[in-house]
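Chain by chain, the residues:
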Amino acid sequence: MGEQENNKAGGGGNDATAVDEAPPAAAAKEKGGRGAAADDPRLQGISDSIRVVPHFPKPGIMFNDITPLLLRPAVFKDAVDMFVERYQGMGIAAVAGIEARGFIFGPAIALAIGAKFIPLRKPKKLPGDVFSESYELEYGTDCLEMHVGAIEPGERVVVVDDLVATGGTLSAAIRLLERAGADVVECACLIGLPKFKDFYKLNGKPVYILVESRK
């Protein structure tokens, strides 16, 4: 479920071990650290297609539901196209999607830019040898796994998920890929808290989001 459980009413938490704040002037000059162009007309349709469900799946959580967006083919295509436009021509060898909503956007992006898709899964979902990376949640721990051999050392990778809140899940994905020798270029999310829009990085990697989390 990605980071939805960290998207609390009134905002999300801040994982101090994972999130680095860059100086605004430096971030503004760096393409990788900035969000989508605010004047792109497609963004309003994307934002309007995300439904906020209070107190789901438990009290205090404001759940950003992307299923209405998926029911609108034109808007779904706009979201994928905006990611493709960003990463086309950047020499991206692989798109790594985080279970489960990263599996919705990741393969479409990968196919469009001519990259392979790497699923980052929860424990015991992948057969064969895997790399594993554990990470902290607010109420426990979780783990991501990736097949050994899925990535070659030095290959440029983009990590995709639906939402970034504290950054813990994405940070674990970065660590997992870097252990296998990948060059993680950026994290890409449909939805992010406002703090991720321009000035934040995860494990030193830029975060690119299309729209801000709705309350």
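Because the structure is a prediction, the values reported are computed rather than measured.

**A word on unusual backbone geometry**
Reasoning step 1: Note the cis peptide between Phe-56 and Pro-57, where omega equals 0°.
Reasoning step 2: With respect to the secondary-structure elements, Pro-57 resides in the loop between strand 2 (51-54) and strand 3 (62-65).
Reasoning step 3: The linkage connecting Glu-99 with the following residue, Ala-100, adopts the cis geometry, with an omega of 0°.
Reasoning step 4: Inspection of the secondary structure puts Ala-100 in the loop between strand 4 (94-98) and helix 5 (102-113).
Reasoning step 5: One non-glycine residue with positive phi stands out, namely His-55, at about 60°.
Reasoning step 6: Relative to the elements of secondary structure, His-55 occurs in the loop between strand 2 and strand 3.
Reasoning step 7: Phi is positive for Asn-203, close to 50°, though the residue is something other than glycine.
Reasoning step 8: For Asn-203, the position within the fold is in the loop between strand 10 (200-202) and strand 11 (205-212).
Reasoning step 9: Classification of Asn-203 by relative accessible area gives partly exposed; the value is 28%.

**Considerations on the pairing of strand 11**
Reasoning step 1: With 7 of 8 residues buried, strand 11 lies mostly within the body of the structure.
Reasoning step 2: Pairing of strand 9 (residues 183-192) with strand 11 involves 5 bridges; the strand directions are parallel. When the sheet's bridge partners are listed, Ala-188 is paired in strand 11 with Tyr-208.

**What to know about the pattern of salt bridges**
Reasoning step 1: Here the structure, examined in full by the defined rule, presents 14 salt bridges.
Reasoning step 2: For the salt bridge of Glu-85 with Arg-42, the shortest nitrogen-to-oxygen distance reads 2.8 Å. Taken together, the residues span a long stretch of sequence, with Glu-85 in helix 4 (residues 73-87) and Arg-42 in helix 2 (residues 42-48) at a distance of 43 residues.
Reasoning step 3: Here the residues in one salt-bridge network are Asp-40, Arg-42 and Glu-85, joined through shared partners.

Cut-offs applied
- Residues numbered from 1 in each chain as written.
- Predicted model: local features only at pLDDT ≥ 70, side-chain atom pairs only at ≥ 80, totals over all residues.
- Heavy atoms only, no water.
- Helix = DSSP H or I, 4+ residues; strand = E, 2+ residues; numbered from the N terminus.
- Buried < 20%, exposed > 50% of the residue type's maximum accessible area, 1.4 Å probe, protein only.
- Pairing = 2+ DSSP bridges.
- Salt bridge = Lys/Arg side-chain N within 4 Å of Asp/Glu carboxyl O.

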